[in-house]
Amino acid sequence: MKKRYLPGASLMLALSMLAACSPSGSGFSAPSSSVQHPSSPSQPSSEAVSSTSMADSNNYNPPGELPIVKENVTISVFAPASTDIARADSDMTKWMEEITNVHVEWETAAGDAFQEKLQLTLASGAYPDMIAAGTSRVDKMVEQQWGMQKLLIPLNQYYDTVSVGYKNAFEKIPGMRDYITSLDGNIYSMPNIDGALQIQFPNKMWVNTEWLKNVGLQAPTTTDEFYHMLKAFKEQDANGNGDANDEIPFSAVNSNQPLDIFLMNPFILCPEGRMWLDNGKLVFSVMEPAYQEGIRYLNKLYAEGLINPEMFTWDATTQVNTNENGSEPVLGAVLAQRPGNFCDLSGYPDNSHKWEQYYPIAPLQGVNGNEMITNYNAYSSTLQTGVAMITSTCKEPEAAFRMVDLLATEEMTIITTNGPKGQGWRDAVDGEIGLDGSPAKVTIESEQRPANWGGWDQLMGRVQTPEYLAGISYVQDPYSPALNPMQGRHVVLYRSSLDYQKVAQPLESVLPSLYYSNDVINEFSMLKTTITDYVNEMLVAFVTGSKNIDTDWDAYMSQLKTLGVERYMQIIQETYNESPFAK
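So, here's what we can say about the structure. Keep in mind that what you see is a predicted model, and the values were worked out from it rather than measured.

1. Details of the sheet that holds strand E16 (residues 463–464)
Judged by pairing direction, the sheet is mixed, and its six strands sit side by side in the order E4-E3-E5-E13-E6-E16 without closing on themselves. Single-partner strands in this sheet number two, and they are strand E4 (102–109) and E16. Pairing between strand E5 (residues 130–132) and strand E13 (residues 383–390): three bridges, direction antiparallel. What sits directly across from alanine 132, in E13, is alanine 388. This element, helix H4 (residues 114–123), spans strand E3 (73–80), E4 and E5 of the sheet and lies at about 135° to E3.

Here you go:
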């Protein structure tokens, strides 16, 4: 019997019924739900027909129907080995074959050896039908190069004619198709998507709220208030342990969270990479006068002993251990993505609970009339390219694409990540609330997930849109004893990210990670490394005072030009102008 996708809630119902057939012996009970594709796809182009000529087109059910093919086909997949279970032995693998009629022959390599073995495999000429890299993603430039060398096939035709999951993602995520389209106009990979707000707004200033109470202050809203808060933390035994000298007012791990991100934004927008677009024109923040003013502010904090002098050499483990050593925390404000970067959340139910004292403050108000603004990581971490790719020797490319596209529905993401319905997740009931405060759609019960289900999760086709993540039920008190802090942190991260989302830089000002042409990629890579290293070096020098922000600034600008900053910016600008974003 054919099974059709049903739109909306019915799609969830149909797939959950499929997943409810738990593993038994060598397979699963055959799925029996009829499902209807939510919209009629456009007719395949002549290119699409020619590209699938090696396959028997009569063997395919119409787009959106299961199984994908009437008679079994086999595709070979090269992937990182799973740490849980051999991929061929996974119950998820067996279930997927049963509902799609697509059999996967796996070739795997240990995660740390995956890229090397992949290169050797491709160099041998014995290509797998598909590469599923998971978290060992292939670099964007390598992906584009393989595509232009005809090692990978373009997937545009399948996105346009048979896609269900990615088609829905295109509609929900602005700029997604432009981001995954290479310079030649083709799309060579099927991405994973992580729409978590904390991924889009990763640079947060966590402040110890107990310290604020102890020194009689409210959360700072301006750079002046932030300065006075740090002064109070330093001078008033803020942690209340009787030692007025053990407090570290402000810290970060500079290699993970550069000092000129959050605290520079009141002076000039300074995203990761320090570049953004003003009406399509590239701005490199470090070249602007306002950046110098921001550095002067940071130097003031450092000179007065308010910035941890070890932050330029610490790693996250050292920072966590320093804060956890002793009865009271010693870090007042921390620039970090998540609380695990400065507190130990791993113990449950036994941990120090120090993380509960911290909460991210909202972005600080702009100075000199600047608007309040924060950087917005709209693309690079959310849209993960180089995950799944189909090679030019694949004889069933449509089957390979439709298998990943099936996984790319939000409903299948629940199943691949958590297991069958009733054995890892269930429908939410009345009274269960999602991250956004609305009635939840799904409740995760990870402790009930079958032991042999794993192996697919982030491997390919994992689509988590913001709406999907917000619909997962959570205990609303993130510090509840009933909630593992590794889960509770998600509530804090989501709620605090809303403050950042309100003042995010406009999407059109975000400089995406671009595909560069082969003519400039080597030059670009060399310039990027040289200039980024020099900017990072001089940031430390100016903040710590080993270089004078006034007398050495002109020499800094001159050296940037000597290193080729103007050519560096030219390459980026010209590449952006040729990208889908500018068209």
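After presenting the structure, the write-up continues.
2. Brief notes about the nonpolar core
Core analysis: the biggest nonpolar cluster contains 139 residues, and Phe226 and Met460 have the highest contact counts within it. Top element by residues in this core is helix H18 (residues 521–544). It accounts for 10 residues. With residues near it in sequence (within four places) discarded, phenylalanine 226 still touches Met205, Pro220, Phe250, Leu263, Tyr297, Leu301, Ala333, Ile361 and Leu364.

3. Quick notes on helix H19 (residues 553–563)
Inspection of H19 places Trp553, Tyr556, Met557 and Leu560 among the buried residues, and these make up the whole buried set. Mapping the buried residues of H19 onto a view down its axis gives an arc of 95°, with all of them on the same face. Turned more than 90 degrees away from the buried face of H19, the exposed residues are Asp554 and Thr562. The inward-facing, buried residues of H19 contact helix H12 (289–303), H18 and helix H20 (565–578).

4. A word on the packing of H18 against H20
H20 packs onto H18 with a crossing angle of 130° between their chain directions and a minimal axis gap of 10 Å. Taken together, H18 and H20 sit at an angle that is classed as oblique. Seen along the crossing, H18 lies across H20 with a hand that is left-handed. In this structure, H18 contributes Glu523, Phe524, Leu527, Lys528, Ile531 and Thr532 to the contact, and H20 contributes Val565, Arg567, Tyr568, Ile571 and Ile572. Its residues assigned to classes, the contact of H18 with H20 comprises seven nonpolar, one polar and three charged.

What counts and what doesn't
Residues numbered from 1 in each chain as written. Predicted model: local features only at pLDDT ≥ 70, side-chain atom pairs only at ≥ 80, totals over all residues. Heavy atoms only, no water. Pairing = 2+ DSSP bridges. Helix = DSSP H or I, 4+ residues; strand = E, 2+ residues; numbered from the N terminus. Contact = heavy atoms within 4.5 Å. Axes fitted to C-alpha atoms, helices over the stretch in contact; angles between N-to-C directions. Core = buried A, V, L, I, M, F, W, Y, C linked by side-chain atoms within 4.5 Å. Buried < 20%, exposed > 50% of the residue type's maximum accessible area, 1.4 Å probe, protein only. Arc of directions from axis to C-beta. Parallel < 35°, antiparallel > 145°, perpendicular 65-115°, else oblique. Left-handed = near helix turned anticlockwise from the far one by under 90°. Nonpolar A, V, L, I, M, F, W, Y, C, P; charged D, E, K, R; others polar.

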